[in-house]
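Coordinates in review
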Amino acid sequence: ATPMSIIAGVGRAAEYGVLVRDADALQRASTLSTLVFDKTGTLTEGKPRVVEIALYNHATEQQVIQWAASLEQGSSHPLAHALLEKAGGQRLPAVEQFRTLAGQGVSGKVNDIDLLLGSRGLMAPQMIPDDIGEQIDRQAATGVTPVLLAAGGRIVALFSIRDPLREESVSALKRLRDGGYQLVMLTGDNAITAGAIAREAGVDNVIAGVLPEGKAEAIRHLQQQGRTVAMIGDGINDAPALAQADVGIAMGSGSDVAIETAGMTLMRHDLHALVDALAIAKATLRNMK
Ligand code: ADP
Ligand code: MG
């Protein structure tokens, strides 16, 4: 039987906007040492915007926007929304042989031209001369995500896409750090961008450039170091990591898969609800001893 105090703890968490799946989840939430946060949509707003476009190889801005938006019609990634928004309502050409390359980008053919759109890791190294490489790193250091477009095997554009931190992330993370938790950011984004955002957020540890299937592995690695780990995320890609964590914590606005997998769900999209829930878990279990 579940002790009354645990039932009361689950009820108190609900008053703070946190759904706790069962007694076990509350119990494990009282013993956490490490909190791992997904970057996009968890620490950031998850509503990225294109803030700058650099052109190469005689491309025009209108052309690269049209190509990029055409490809992104087939993607549900947050970055896709940014590029589609840039195209406005214009009619977009059809894409043939469209593919999603999970955690890297998208590809396809438009008017018989091979297009590739995504992270630097998606491009063959010889496609990126030193001057473009330096420009990518300079942009990334300001916290934007660099998204490259290649047409016919040559780089034609660098889109700088900004997804600002959620307003309350910094203060909530400070409360958690003051509470003695080790904070980690886990992301498929590149290390330079992730590092810049982590610094702004006040997160000391960054695990970047992780492909979707590598996120659960990263959690397992922390557990092998003796950590008791919560994973906080919202995306479909985050579900295996949420399942691997000692406590999976989903954002209530996140994907159904994430919520189904989670031990806790934050009904308010506000990390202060997480701080409250962890304090309630600790207080509840302390009172039982
Ligand atoms: P996150 O950990 O933020 O959810 P993802 O694993 O989804 O990141 O993606 C990692 C990186 O892959 C992105 O930062 C971006 O560079 C690239 N990428 C993924 N999907 C797309 C897309 N649809 N369009 C452009 N770039 C993409
Ligand atoms: Mg994500």
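Every chain's residues receive numbers from 1 upward, in the order its sequence appears when written. Numbering of ligands from 1 and lettering of chains from A proceed in the order in which they are written. Reporting in this predicted model follows two pLDDT cut-offs: at least 70 for local features of residues, and 80 or more for side-chain atom pairs to be given and counted; totals over whole chains, interfaces and linings ignore these cut-offs and use all residues.

1. Notes on the sheet that holds strand E2 (residues 34-38)
What counts here: One bridge is not enough; two strands pair if DSSP finds at least two bridges between them. Starting at the N terminus, helices and strands are each numbered in turn, a helix being any DSSP run of H or I of at least four residues and a strand any DSSP run of E of at least two. To obtain each axis, a line is fitted to C-alpha atoms, and for helices this fit is confined to the stretch in contact; angles are then taken between N-to-C directions over 0 to 180 degrees. In this description, a residue-residue contact is defined by the distance between C-beta atoms placed from the backbone, which must lie within 7 Å.
Strand order in the open sheet formed by seven strands is E1-E13-E12-E11-E2-E9-E10, with mixed pairing between adjacent strands. The open sheet is flanked by strand E1 (18-20) and strand E10 (205-207), the only strands paired with a single partner. Strand after strand, the sheet turns through a mean of 20° between neighbouring axes, direction not considered. Most of the contacts of helix H8 (residues 191-201) go to E10, to which it runs at about 150°, and overall it touches strand E9 (182-186) and E10.

2. A few points about the site of ligand 1
Put simply, the rule is: Being near a molecule or strand means, for a residue, that its C-beta atom, positioned from the backbone, comes within 6 Å of it. Under the scheme applied here, ten amino acids are nonpolar (Ala, Val, Leu, Ile, Met, Phe, Trp, Tyr, Cys and Pro), four are charged (Asp, Glu, Lys and Arg), and all others, including Gly, are polar. Domain delimitation follows an automatic or database domain assignment.
Surveying the vicinity of ligand 1 reveals 22 residues, the closest of which are Thr40, His77, Gly103, Ser119 and Gly188. If you list the elements that add at least two residues to the shell around ligand 1, you get helix H3 (39-43), helix H5 (78-86), strand E5 (105-110), strand E6 (113-118) and strand E7 (145-151). Considered class by class, the residues forming the shell around ligand 1 number six nonpolar, 13 polar and three charged. There are two domains that each give the shell around ligand 1 at least three residues, and those are domain 1 (4-45 + 165-288) and domain 2 (49-162).

3. Considering unusual backbone geometry
A negative phi angle is the norm for most residues apart from glycine, just as the trans form is the norm for most peptide bonds. Rules: Counting other C-beta atoms within 10 Å of a residue's own tells you its class, since 20 or more makes it buried, 12 or fewer makes it exposed, and anything in between is partly exposed; those C-beta atoms are placed from the backbone.
In this structure, asparagine 57 takes a positive phi of about 55° despite not being glycine. Tracing the backbone shows asparagine 57 in the loop between strand E3 (49-55) and helix H4 (61-72). For asparagine 57, a count of 11 C-beta atoms within 10 Å translates into the label exposed. A positive phi angle, close to 50°, is found at asparagine 111, a residue other than glycine.

4. A few points about the nonpolar core
To keep it simple, the criterion reads: Here, a nonpolar core means buried Ala, Val, Leu, Ile, Met, Phe, Trp, Tyr and Cys residues linked by C-beta atoms lying within 7 Å of one another.
With 52 residues, the main nonpolar core has Val36, Ala230, Met231, Ile249, Leu274 and Ala277 as its most contacted residues. Per-element accounting of this core gives the leading share, eight residues, to helix H12 (residues 271-288). Ignoring sequence-local partners within four residues, the contact set of alanine 230 consists of Leu32, Leu35, Val36, Ala245, Asp246, Val247 and Ile249. Core analysis: the second largest hydrophobic core is formed by 30 residues, Trp67, Ala68, Leu71 and Leu115 among them.

5. Notes on H5
Working note: α-helix, 3.6 residues per turn, so residues spaced by three or four point in the same direction. Counted only if it meets this: Here the arc refers to the directions that run from the helix axis out to each C-beta atom.
Three or more residues of H5 are buried, namely Leu79, Ala80, Ala82 and Leu83. In an axial view of H5, the angular spread of the buried residues amounts to 160°, which keeps them on one side of the axis. In this fold, the buried residues of H5 make contact with E3, H4, E7 and strand E8 (154-162). Positive phi shows up at glycine 88, right after H5, with a value of about 65°.

6. Section: H12
Threshold: Expected helix span is taken as 1.5 Å per residue step, with the number of steps being one fewer than the number of residues.
In a regular helix each residue adds 1.5 Å, so 18 residues correspond to 26 Å; H12 covers 27 Å between its end C-alpha atoms and thus fits that length. Taken as a whole, H12 has its buried residues at Leu271, Ala273, Leu274, Val275, Asp276, Ala277, Leu278, Ile280, Ala281 and Thr284.

7. A closer look at the sheet that holds E7
Read from one edge of the open sheet, six strands run E3-E8-E7-E6-E5-E4, paired in antiparallel fashion. Each end of this open sheet is capped by a strand with a single partner; those strands are E3 and strand E4 (96-101). For this sheet, the mean inter-axis angle between neighbouring strands, taken without regard to orientation, is 15°. Bridge count between E3 and E8: six bridges; the pairing is antiparallel. From the neighbouring strand, alanine 54 faces E8, where its bridge partner is leucine 158. Packing of H4 onto the sheet brings it into contact with E3, E5, E6, E7 and E8, and relative to E5 it is tilted by some 110°.

8. Concerning the packing of helix H7 (residues 169-178) against H12
So the rule is basically this: Should an angle fall under 35 degrees it is taken as roughly parallel, and over 145 as roughly antiparallel, whereas 65 to 115 is taken as roughly perpendicular and any remaining angle as oblique. What makes a crossing left-handed is the near helix being turned counterclockwise from the far one by less than a right angle; a clockwise turn instead makes it right-handed.
Two numbers describe how H7 lies on H12: the axes approach to 8 Å, and their chain directions differ by 20°. The orientation of H7 with respect to H12, classified from their angle, is roughly parallel. Judged by the sense of rotation from one axis to the other, the crossing of H7 with H12 is left-handed. Here H7 contributes Ser169, Ala172, Leu173, Arg175 and Leu176 to the contact with H12, which in turn contributes Leu271, His272, Leu274 and Val275. For the contact of H7 with H12, a count of residues per class yields six nonpolar, two polar and one charged.

9. A closer look at the domain arrangement of the chain
For the chain, the assigned domains read domain 1 (4-45 + 165-288) and domain 2 (49-162). Here the C-alpha centroids of domain 1 and domain 2 sit 31 Å apart. The partner domain 2 presents 13 residues to the 13 residues of domain 1 that form the contact. Of all the elements in the fold, those that place two or more residues in the side of domain 1 that touches domain 2 are H3 and H8.

10. With respect to the environment of isoleucine 219
Tracing the chain through its elements places isoleucine 219 in helix H9 (residues 214-224). Accessibility expressed as a C-beta count within 10 Å gives 27 for isoleucine 219, which makes it buried. Leaving out residues up to four positions away in the same chain, isoleucine 219 has contacts with Val36, Val229, Met231, Ala241, Gln244 and Ala245.

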